[in-house]
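Fold and contact review
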Amino acid sequence: MAMRDSASCIFCRIARGEIPADIVHEAERLIAFRDVSPQAPEHILLIPKEHVPSVDHLTDPDAVLAGELLIAARDIARRLGVSDSGYRLVTNIGPDGGQSVGHLHLHLLAGRSLSWPPG
């Protein structure tokens, strides 16, 4: 995977430890932390440490990274004790998709009943 980074990206800065976060999981290529504006009792953001703007910017060699994000989400949900009751994974892509930070991230939402459609 080609090195990608954005000096001003808030999520890149969290991944580098420049901005504090309530980290719940860290691996070689990803980090997960509690959202500062939670939309559910459990709201975790999972990001690659390397700057990837969105799912739309993933390349074929990023397939392993994408899988690592999903497996980490599963593991976090199990540790939080929400696997049996259920949880939602969301990623927003672009302005019309609701993406507010230009760095690939998954939202893990749990701890309450989540309606559909989401909004």
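Shown above is the structure to which this text applies.
Residues numbered from 1 in each chain as written. Predicted model: local features only at pLDDT ≥ 70, side-chain atom pairs only at ≥ 80, totals over all residues. Heavy atoms only, no water.

**A few points about the environment of His25**
Here His25 shows up in strand β1 (residues 23–26). For His25 and Leu46, which are 21 residues apart along the polypeptide, the C-alpha to C-alpha distance reads 8.6 Å. (Helix = DSSP H or I, 4+ residues; strand = E, 2+ residues; numbered from the N terminus.)

**Remarks on the pattern of salt bridges**
A full pass over the atoms with the stated rule returns 7 salt bridges. Between Arg34 and Asp22 there is a salt bridge; the shortest N-O distance is 3.5 Å. In this pair, Arg34 is assigned in strand β2 (residues 30–34) and Asp22 in the loop between α1 (10–15) and β1, connecting sequence segments 12 residues apart. Residue classification places Arg34 among the partly exposed positions, given a relative accessible area of 29%. Classification of Asp22 by relative accessible area gives partly exposed; the value is 45%. Between Glu68 and Arg29 there is a salt bridge, with the nearest N and O atoms lying 3.2 Å from each other. Here Glu68 is found in helix α2 (residues 63–80), whereas its partner Arg29 is found in the loop between β1 and β2, with 39 residues between them in sequence. Looking at Arg29, the relative accessible area reads 25%, which means it is partly exposed. (Salt bridge = Lys/Arg side-chain N within 4 Å of Asp/Glu carboxyl O. Buried < 20%, exposed > 50% of the residue type's maximum accessible area, 1.4 Å probe, protein only.)

**Points about the state of the cysteines**
Using the criterion set out here, one finds 0 disulfides in the structure. In this structure Cys9 is a free cysteine whose sulfur lies 3.8 Å from that of Cys12, the closest cysteine sulfur available. Cys9 gets classed as buried once you look at its relative accessible area, which sits at 7%. Exposure remark for Cys12: the relative accessible area of 1% places this residue in the buried category. (Disulfide = S-S within 2.5 Å.)

**Some points on the sheet that holds strand β4 (residues 87–90)**
Taken in spatial order, the 5 strands make up an open sheet running β1-β2-β3-β5-β4, and their pairing is antiparallel. At either margin of the open sheet sits one strand with a lone partner, and together these are β1 and β4. Ignoring strand direction, the axes of neighbouring strands in this sheet form an average angle of 20°. (Pairing = 2+ DSSP bridges. Axes fitted to C-alpha atoms, helices over the stretch in contact; angles between N-to-C directions.)

**Here we look at the nonpolar core**
Proteins that are soluble and globular tend to have nonpolar side chains buried together. Membership of the largest hydrophobic core comes to 15 residues, with the highest contact counts inside it found for Ala32, Ile44, Leu46, Leu69, Ile76 and Leu108. Of all elements in the fold, only β2, β3 (42–48), α2 and β5 (106–110) reach the threshold of two or more residues within this core. Counting residues per element, this core draws most heavily on α2, which supplies 5 residues. If we skip the residues at most four places from it in the chain, Leu69 touches Leu30, Leu46, Ile47, Pro48, Leu104 and Leu106. Ile31, Phe33, Ile47 and Val101 belong to the second largest nonpolar core, which has 10 residues in total. (Core = buried A, V, L, I, M, F, W, Y, C linked by side-chain atoms within 4.5 Å. Contact = heavy atoms within 4.5 Å.)

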